[in-house]
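One-letter residues, chain by chain:
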Amino acid sequence: MAGEFEGKVAIVTGAAGGINRVILTCLAEEGATCVLVDINDDWGESLATMLRGRGLEVMYSRTDVRDGEQVKAMVARAVETYGRLDILVHGAG
């Protein structure tokens, strides 16, 4: 059965912990391809690895959202990799 967000691509900032981690996990579980954005490499890589281990499509991107050039590069990489962007949850900060 397809999830509510099947075929969608989502970026979630600040997603290595807290409520944003829950949002990203729910989006992935509902079929979204997710870009997990954070500056905490340990937590970000760990969560992305765990979710990929469950068969979910999650890419970790170390991005400091205070730096506009890093944000532009992260969005460009996501669009280049997945071909689109449908959902943005800006929860960092």
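Definitions and cut-offs
- All residue numbers refer to position in the chain's written sequence, counted from 1.
- It should be noted that, the model being predicted, local features are given only for residues of pLDDT at least 70 and side-chain atom pairs only at 80 or more, the latter also being counted only at that level, while totals for whole chains, interfaces and linings use all residues.
- Side-chain measures here rest on the full set of heavy atoms in the structure, leaving out hydrogens and waters.
- In the sections that follow, a salt bridge refers to a side-chain nitrogen of Lys or Arg positioned within 4 Å of a carboxyl oxygen of Asp or Glu.
- We count a stretch as a helix when DSSP gives it H or I for four or more residues in a row; a strand needs E for two or more, and each element gets its number in order from the N terminus.
- Residue exposure (1.4 Å probe, protein chains only): buried if accessible area is under 20% of the type maximum, exposed if over 50%, otherwise partly exposed.
- Two strands qualify as a pair provided that DSSP identifies no fewer than 2 bridges between them.
- In this analysis, axes come from line fits to C-alpha atoms, helices being fitted only over the stretch in contact, and the angle between any two N-to-C directions falls in the range 0 to 180 degrees.

Novice: Looking at this structure, how should I read the pattern of salt bridges?
Specialist: Pairs may arise between side chains of opposite charge once their charged atoms sit close together. In total, this model carries five salt bridges according to the counting rule given. Note that Arg62 and Asp41 form a salt bridge whose closest N and O atoms lie 3.5 Å from each other. Of this pair, Arg62 sits in strand β3 (residues 58-62) while Asp41 sits in helix α2 (residues 41-53); the two residues are 21 residues apart in sequence, bridging distant segments of the chain. For Arg62, a relative accessible area of 47% gives the class partly exposed. The partner of Arg66 in a salt bridge is Asp64, and the shortest N-O contact between them spans 2.8 Å. In this structure Arg66 comes out as exposed when scored by relative accessible area, which is 71%. Residue Asp64 is classed as buried on the basis of its relative accessible area of 16%.

Novice: Looking at this model, I keep getting lost on the sheet that holds strand β1 (residues 9-13). Mind explaining?
Specialist: Each strand in a sheet pairs with another by means of backbone hydrogen bonds, the pair being arranged parallel or else antiparallel. Sheet architecture is open: four strands sit in the order β3-β2-β1-β4, paired in parallel fashion. What marks the edges here is a single partner per strand, and that holds for β3 and β4 (87-90). Direction aside, neighbouring strands of the sheet carry axes that sit 15 degrees apart on average. As defined by bridge partners, β1 adjoins strand β2 (residues 33-38) across five bridges and the pair is classed as parallel.

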